[in-house]
Amino acid sequence: MSRICVFCGSSMGFSPRYAEQAAALGKLLAQRGIGLVYGGASVGTMGVVADAALAAGGEVIGVIPEALSSVEIAHAGLSELHVVKDMHERKAKMAALSDGFLALPGGAGTLEELFEVWTWAQLGLHGKPIGLVDVDGYYGPLMAFADHMVTEGFVKPEYRQLLLTDPDPAALLDRFETYEPPAPPKWAAKEPPGI
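So, how was this worked out
Residues numbered from 1 in each chain as written. Predicted model: local features only at pLDDT ≥ 70, side-chain atom pairs only at ≥ 80, totals over all residues. Heavy atoms only, no water. Axes fitted to C-alpha atoms, helices over the stretch in contact; angles between N-to-C directions. Helix = DSSP H or I, 4+ residues; strand = E, 2+ residues; numbered from the N terminus. Left-handed = near helix turned anticlockwise from the far one by under 90°. Contact = heavy atoms within 4.5 Å. Nonpolar A, V, L, I, M, F, W, Y, C, P; charged D, E, K, R; others polar. Pairing = 2+ DSSP bridges. Core = buried A, V, L, I, M, F, W, Y, C linked by side-chain atoms within 4.5 Å. Buried < 20%, exposed > 50% of the residue type's maximum accessible area, 1.4 Å probe, protein only. Expected span 1.5 Å × (residues − 1). Arc of directions from axis to C-beta. Disulfide = S-S within 2.5 Å. Polar contact = N/O pair within 3.5 Å; in protein donor to acceptor, adjacent residues only side chain to side chain. Phe/Tyr/Trp six-rings, centres within 6.5 Å; stacked < 30°, edge-to-face > 60°.

Where do I start with the packing of helix H1 (residues 16–31) against helix H2 (residues 44–55) in this structure?
Between two packed helices, what matters for the description is the angle formed by their axes and the separation of those axes. Packing of H1 against H2 brings their axes to within 7 Å, and their N-to-C directions diverge by 35°. Viewed along their axes, H1 and H2 form a crossing whose handedness is right-handed. For the pair formed by H1 and H2, the contact residues are Tyr 18, Ala 19, Ala 22, Ala 23, Leu 25, Gly 26, Lys 27 and Ala 30 on the first element and Thr 45, Val 48, Val 49, Ala 52 and Ala 53 on the second. Looking at side-chain class alone, the contact of H1 with H2 contains ten nonpolar, two polar and one charged residues.

Just checking my understanding: could you explain the sheet that holds strand E4 (residues 80–84) for this structure?
Hydrogen bonds between backbone atoms are what pair the strands of a sheet, whose relative direction is either parallel or antiparallel. With respect to topology, seven strands assemble into an open sheet ordered E4-E3-E2-E1-E5-E6-E7, the strand pairing being parallel. The strands lining the two open edges of the sheet, one partner per strand, are E4 and strand E7 (163–166). In this sheet, neighbouring strand axes are inclined to one another by 25° on average, regardless of whether the strands run parallel or antiparallel. Pairing geometry for strand E5 (residues 101–103) and strand E6 (residues 130–133), over three bridges, is parallel. Pairing of Ala 103 across the sheet is with Leu 132, part of E6.

Please explain the nonpolar core as it appears in this structure.
What tends to happen in soluble globular proteins is that the nonpolar side chains get buried as a cluster. The biggest cluster of nonpolar side chains holds 57 residues, and the ones touching the most others in it are Val 6, Leu 36 and Leu 102. When near neighbours in sequence (up to four residues on either side) are disregarded, Leu 36 contacts Ile 4, Val 6, Leu 29, Val 49, Ala 50, Ala 53, Glu 59, Val 60 and Ile 61.

Looking at this model, I keep getting lost on helix H5 (residues 140–151). Mind explaining?
For an α-helix the count is 3.6 residues per turn, leaving residues at separations of three or four pointing the same way. The first and last C-alpha atoms of H5 sit 16 Å apart over twelve residues, in line with the 16 Å expected at 1.5 Å per residue. Looking only at H5, the buried set comprises Leu 142, Met 143, Ala 146 and Met 149. Buried residues in H5, looked at end-on, bunch into an arc of 110°, giving them a common side. Away from its buried face by more than 90 degrees, H5 exposes Pro 141 and Thr 151. Buried residues belonging to H5 abut helix H4 (108–122), E6, helix H6 (157–160) and E7. Residue Gly 153 follows H5 closely and has a positive phi angle near 85°.

Is there a simple way to explain the state of the cysteines in this structure?
Here is the idea: a disulfide is a covalent bond, and it sits between the sulfur atoms of two cysteines. Considering all chains together, one arrives at zero disulfides under this definition. Considering cysteine sulfurs only, Cys 5 is the nearest to Cys 8, which forms no disulfide, with 8.8 Å between them. Under the relative-accessibility criterion, Cys 8 is labelled buried at 7%.

Can you walk me through helix H7 (residues 169–177) in this structure?
Within H7 the residues assigned to the buried category are Pro 169, Ala 170, Leu 172, Leu 173 and Phe 176. Considered in projection along H7, the buried side chains sweep an arc of 160° and stay on one side of the axis. Taken together, the buried residues of H7 touch strand E1 (3–7), H1, E5, E6 and E7. Capping the start of H7, Asp 168 holds a side-chain oxygen 3.0 Å from the backbone nitrogen of Ala 170, two or three residues further along.

What should I look at first to understand the packing of aromatic side chains in this one?
How two aromatic rings sit relative to each other is given by the distance of their centres and the angle of their planes. Scanning the entire structure with this criterion turns up four aromatic pairs. Between Phe 115 and Trp 118, the aromatic rings sit 5.5 Å apart at their centres with planes inclined by 75°, giving edge-to-face as the arrangement. Taken together, the residues Phe 115 and Trp 118, both in helix H4 and three residues apart, mark about one turn of the helix. Phe 115 gets classed as partly exposed once you look at its relative accessible area, which sits at 29%. With 5.1 Å between their ring centres and 90° between their planes, Tyr 138 and Tyr 139 make a pair best called edge-to-face.

Here it is as structure tokens:
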């Protein structure tokens, strides 16, 4: 793992634990020599994870759409900042730069990014690990719903298992190191360039 993409919020959330865990993750990535790829903002838990990684000497690459560079306030102190055309280009660029994905607690944008890379994995478009940092049970209801999708026949059990969940980001990174993706569906196209 040379770089991990972290999906997180442009808000802080109400609990101070969200910022604490974002900072701990940024520091952890830097300590392990893993570069951080994220949404490029200086606000919310996005800014916290980036600042912590930078403070610990880590590489931090941001990817932000032109339209959000002023709203989310693009981070001025990153190792690299890519300003792209739109959200589609942002997600593709972040995926191309990363060897795996972690989601901290966040809102609809975080979930949208998470669900896209999960869908790509189900389709066999990438074999990169996907983890959820379950701060104080934040992702418990989502995982229960993922199990419900399996029960109702909309998600295969092996695709549900693509989502690794743990409250400890170090444990998730350890699991990433030994991650073996399932075989892609027989009908899946070859991996497209850039993912």
